[in-house]
Every structure is written in structure tokens, then in C-alpha cells.
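Spelled out, the chains give:
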Amino acid sequence: MSETIKLRIPKLGDFEDVEVIEILVAPGDEVGVEDSLITLETDKATMDVPSSAVGKIISLSVDVGDKVNAGDLVATVEGFAPTVSAAQDTTIQPVERGNAKMAESGKKERILATAASIAAAEPLPETTHFADLVVIGAGPGGYTAAFRAADLGMDVILVERNPTLGGVCLNVGCIPSKALLHAAKVIDDAEAMAEHGVKFGRPEIDADGLRAWKNKVVGRLTGGLTQLAKQRKVRVIHGLAKFESSRHLSLDNGETISFDRCIIAAGSEPAMIPGLPDDPRIVDSTGALELDPIPEKLLVVGGGIIGLEMACVYSALGVSITVVELMDSLMPGTDKDLLRPFLKIVRRRDYNILLGTRLSGMRASSEGIDVLFEKGGETTGDTFDKVLVSVGRRANGDKLAAENAGVDVDERGIIAVNKQMQTNVAHIFAIGDLADGPMLAHKATHEAKVAAEVAAGGKVAFDARTIPSVAYTDPEIAWVGLTETEAKEEGISYEKTQIPWAASGRALSLSRDEGFTKLLWEKNTGRVLGGAIVGPNAGDLISEVVLAVEMGADATDIGLTIHPHPTLSETVAFAAEAFDGTLTDLYIPRKR
């Protein structure tokens, strides 16, 4: 049961009238045992004052510049105070600020002391298993959190509902789709070489063999995760988890788990349009990856990244593609110029793109799936052998009975978190697809490390300046940071430099000169605000721009960095040189 707790300055050894130099919390913040509240400074050392309670800050009684002594009131908290806490009556030892590396020495003892104090304050139910930390979901976010926490000395249980680790990404998402996209690229590249004097016969598609290779790739990765879990002594339990309380999970296999900390990493699932026929020829992205069977005509409902990637796969396999999108553009929200090279290529292939078009009806027949489209008051129809519904994903936050733990979940299945990835219940964290923001594996893994380190007593936060996005279509489309669409909507002044890949010797040697690299700059400082790359391997090339945005690099930083020649990465340097006025590979008259 919660109560009002007064948090005071503990013993300060020989120090008196110590100055407060930093306030680390604010009213409304959730704190846990040993979370830092304020920073003090003497002529000899800087030290943090930790919390001796778990709960929400109601008010603060100190300010920067105040002089404090042992026993002075720091903050009032609504929560509970563990009966055993090293922070309640302990002399604070000086801590050097600014050292971001978490000290491994004594970390396990500190974790166990915190766990013991919380357990003493709130008795745990008798269960099949107990752990310092339980992680729900073994996708990229979940297994990263579990492994990082284990490396920091925590006893960890990883719960996964499926037979293998890796979640959607490794099993039925990022990895298998990229394997099939590679196969599609080989087919397309072989066909394109006919214009350059190298001709191959028409490829013979062995769907079973292609599927087996894809599954082998997945198996190598998921098997590797199992081995990594064993090496770290992470206990893996397979079952569907639900909260019984804020310290207790039940699984559908009859087992139960009690815990001190929990990280929810349960991901998302494909959204489906209600009212569609229940027919095996209507599939989501998981079903599309099975290539069973390969149809003659495929309808992709939704012009987002996932649907377009699968369209590229099936097109290379000889399938006639129709894409229907309700909005007036593919990949809604993406700068339209990024889509032009993609549209130029797919329109040479057997694609039919229906933009601004509503799906008004669908029924299953012996001939296929009969579909009605509506645009501008006119209705048309067609029949398809297979329909891929790819209209986004929905978070799984509301499928865990999280309300039993007191965790707030909104109507979208999203769980609100702070920068420490804590939910409104301080010892329960949420990461990945159900923690709002872009549903991307690389976002989840970074959030996972933050959650694990905070759970282990670390003082860290998720503070990424930017998160890159990639469409692994042909050509690939990648962007990061500020987009032109956002800049125009928000009235942000910027300068743009754009380098056509027709100026790249490497792009010409690949016979792929349709792409380009563009960077957006802050006019006065030359700092890079964002960028985009379209062309083969854009997803790999964008990392340099991500680092530049994250580090606050300017055009000179990038332009004076020697890039290898001839490479596609040179185009990033060219874009920087164009801003600085030093580019010699193209003639671009300076505007400034």
C-alpha cells in the first residue's frame, strides 16, 4: 500500500553546508531505490543523493544553490519505502560525475540489495519461478534486454510465446524478407545484364528450395540466440505470459513467475481489415513469406514499406503486381522525390499502382479473390490469385493483462514510458513496438539496453537524436533526421544539396544511376539536419548520415573526411562539398 514518504539527506560524513549543484528529478517523476535525486558538491568531491523509496515525486524541497546538511528534506514521495535499504542510513561516497561507464564492481551486490529491499516491502507470491528480472518477448528488443541485464549480474528469465527466439524480426519479418529480397535482386540483376552483353536463360523457380534456404538463414540466427542465452545463464521459458499483479506473471503452460523487475517487449502483429473473407488466399506478411503457392496475380493492399518489399520479391518471381493505397502517395509521409526512382523502375515491370483508391469490397470465389476498387465515385473490379494485406501493425501492449499490474495501456496497445523506459509502474519497463515511436528493430535494441541498465541500477536514458528508416525495395530508399516534408510543414528553414548518382563512377559501373543522395543543412551553421539516399545499398550507406546527425557534424566535417574511391559512399561527401562550395565532380553554381 502506498504512503507519503519524506526523503532526507543521509549522513554526509565530515561534510557540512554542502551545495546543491543539480536537481535530477521533478514532481511527477517515478523513482526507485537508489535512483539519484540531486547532486551535491564540496571542495573535494561531487556526490549524488539516492532515493530510499519507490514511488512518484510529489514535491521538491531543495533548489540549485541551496546549502544542505544531513537530515534536511529533499523530496516528498507517494509510494513505499523498503524496510532494508542501503541508501537510508549510509554515508554517501564521492562519485565522479561525467563517467558514463557503469561500474561493474559491486553491481551484482547492489542489484541483490535493491531486490531484497523491495521484496521485504511487498511480499511476493509463491510461484514456479523467481528472477531479479523477467523479460516478456524474445524479439530483438527482448533478447537484447535479457542479455544486457545478465551481463550486468542480474538473474534473468526470458519468456517467449513461440518455439524459437528472435520474435517477428528474425522468424517472420526482417530476416526472411531480406533473404527473399536478395534472391529477387539476383534475378533482376541477371536480367538487366542482357543489355550489357551477358545473357542468362529464364530462371527456374524452385519455391520449395527457395523457402528451405530462407528457413535455413532464419534457423542459423535463432539457434545462435539460444546458444547466447545459455552462455549468459538466461533462463528461457516458452509460454504466453499475462500479469496477475505487479510482481507476478502466469503462463498458459501452467507455470508462474514472480519478479523484482519486468521489461515488456511483446512487440506487435499485422493489422487486418475487418470484414474480409476467411480464405487462405488472403494473407498477411507472415503468410506472404511462405511463397505457398507463388500466384500469377498478387494484390498488395497498402502501399507501405512491408507491402512494397514483398511486391518486389513476387515481381522478381514473375508475378503480376497490383498495389492499392488509400492515400495519394506510396509510403505516406515520405518525401515524394524519394519515390520517383522506385516508380520509374516498377512501371517498367508488370506493376499496377492504384493511388487514392479505396478497397470497397472483397469476396472469395473458385476463380480467386474478387476485389472492388473505388476512386472518384467510380467502381472497378479485378480478380487475384492471392491478396497480401499490409496496412500496418498493431502493438501488443493490451494483450498481457497489464491492467492487473497497474500499467497504463492506450487503445492502440501502446504503453507510455519515460526516458528510462519505465512505465507508470516504476519497476516495469516497456520497449520496442509497444513503447510508441517507429516500429523498428534497431530502435528496440537501443531501448532494451537502456531498460536493462536502469533495471540494474544504472543512470542512463534513451536520448537518440534520430532513428533511420529504410525500405529494402529495389531501389532501396533510406532516410534519417529532418525530411523536406517535415521542414515545410513546420516552417523550418534549410538548404538542400542533392547529388545524382549519374555523377558517381561506382553507380555507373553498376548500371544503377537512377539514385541520388541528398542532405539538408542548417543555413547559418552548415550542420546536417537530415538526409536521404535512394539506390542499391542505401540502407547501408545511410549510417554515415545517421552518425553525422547524431554527432551534430557540419558540411566541413563530412567533406574533409576522405572517402574511398570509387564508392557509392562518396556521394555523401559530394553533397557536403556542394554545400561548402568545394565540389569538383559536378558544376553547381553557389547560391550563397
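Structure's up top.
Sequence order sets the numbering: in each chain, residues are counted from 1 along the sequence as written. This being a predicted model, a pLDDT of at least 70 is required before a residue's local features are given, and a value of 80 or more before pairs of side-chain atoms are given or counted; all residues contribute to the totals for chains, interfaces and linings. Calculation of side-chain values draws on the structure's entire complement of heavy atoms; hydrogens and water are dropped beforehand.

Draft legend 1. Structural detail: the sheet that holds strand 4 (residues 36-41). Taken in spatial order, the four strands line up as 5-4-2-7 in an open sheet, and their pairing is antiparallel. Edge positions in the sheet fall to strand 5 (46-50) and strand 7 (67-68), since each of these pairs with one other strand and no more. Between any two strands, at least two bridges found by DSSP are needed for them to pair. A run of H or I in DSSP becomes a helix once it reaches four residues, and a run of E becomes a strand once it reaches two; helices and strands are each numbered from the N terminus. As paired elements, strand 4 and strand 5 share five bridges and run antiparallel to each other. Of the residues in strand 5, the one forming a bridge with I38 is V49.

Draft legend 2. Main features of the pattern of salt bridges. For this document, the term salt bridge refers to a Lys or Arg side-chain nitrogen within 4 Å of an Asp or Glu carboxyl oxygen. Scanning all chains against the criterion turns up 26 salt bridges. K185 is the salt-bridge partner of D189, the closest N and O atoms lying 2.6 Å from each other. Taken together, the residues span about one helical turn, with D189 and K185 both in helix 4 (residues 174-192) at a distance of four residues. Each residue's exposure class comes from its accessible area (1.4 Å probe, protein chains only) as a fraction of the maximum for that residue type: buried when under 20%, exposed when over 50%, partly exposed otherwise. A relative accessible area of 30% means that D189 is categorised as partly exposed. Across the pair R363 and D370 runs a salt bridge, and its minimum N-O distance is 3.2 Å. Among the residues examined, D370 registers a relative accessible area of 16% and is labelled buried.

Draft legend 3. Geometry of the nonpolar core. Counting residues in each nonpolar core, the largest one holds 39 residues, and the members touching the most others are Y314, I321, L330, F342 and I477. Looking at this core, the elements that each hand over two or more residues are helix 4, strand 17 (297-301), helix 7 (305-316), strand 18 (320-325), helix 8 (336-346), strand 19 (351-355), strand 27 (477-481) and strand 30 (528-534). Per element, the largest residue contribution to this core is seven residues, and it comes from helix 7. Nonpolar cores were defined as sets of buried Ala, Val, Leu, Ile, Met, Phe, Trp, Tyr and Cys residues, with membership established by side-chain atoms within 4.5 Å. In this structure, A146, I263, M421 and V454 belong to the second largest nonpolar core, which totals 34 residues.

Draft legend 4. Quick look at the pairing of strand 21 (residues 369-375). Pairing analysis gives six bridges linking strand 20 (residues 358-364) to strand 21, with the strands arranged antiparallel. Across the sheet, L359 pairs through a bridge with F373, a residue of strand 21. Relative to strand 22 (residues 378-384), strand 21 runs antiparallel, the two being bridged by seven bridges. By the bridge assignment, E374 is partnered in strand 22 with T379. Where strand 21 hands over to strand 22, the hairpin turn is made up of two residues, of which G376 adopts a positive phi near 60°.

Draft legend 5. Representation of the sheet that holds strand 21 in the model. Taken in spatial order, the three strands of this open sheet run 20-21-22, and their pairing is antiparallel. Edge strands, defined here as strands with exactly one partner in the open sheet, are strand 20 and strand 22. The sheet shows a mean angle of 20° between the axes of neighbouring strands, taken without regard to direction. Fitting a line to C-alpha atoms yields each axis, with helices limited to the stretch in contact; the angle taken between N-to-C directions then spans 0 to 180 degrees.

Draft legend 6. Looking closely at the pairing of strand 13 (residues 248-251). Of the two faces of strand 13, the one carrying H248 and S250 and the one carrying L249 and L251 are both buried. Bridge count between strand 12 (residues 241-245) and strand 13: four bridges; the pairing is antiparallel. Counterpart to K242 in the pairing with strand 13 is S250. The pairing of strand 13 with strand 14 (residues 256-264) spans three bridges and is antiparallel. Bridging from a neighbouring strand, H248 pairs with S258 of strand 14. The hairpin turn running from strand 13 into strand 14, its antiparallel successor, is four residues long, and G254 in that turn takes a positive phi close to 95°.

Draft legend 7. Spotlight on the environment of S569. Within the secondary structure, S569 sits in the loop between helix 13 (555-559) and helix 14 (570-580). Note: C-alpha distance between S569 and I542 (27 residues apart in sequence) is 8.9 Å. Here, residues are in contact when the closest pair of their heavy atoms is within 4.5 Å. In this view, S569 contacts L541, E544, H563 and P564; residues no more than four positions away in its chain are not counted. Engagement of the side chain of S569 in a polar contact is seen with the side chain of T567, the distance being 2.9 Å. Here a polar contact means two N or O atoms within 3.5 Å. Within protein one must be a hydrogen donor candidate and the other an acceptor candidate, and residues neighboring in sequence count only if both atoms are side-chain atoms.

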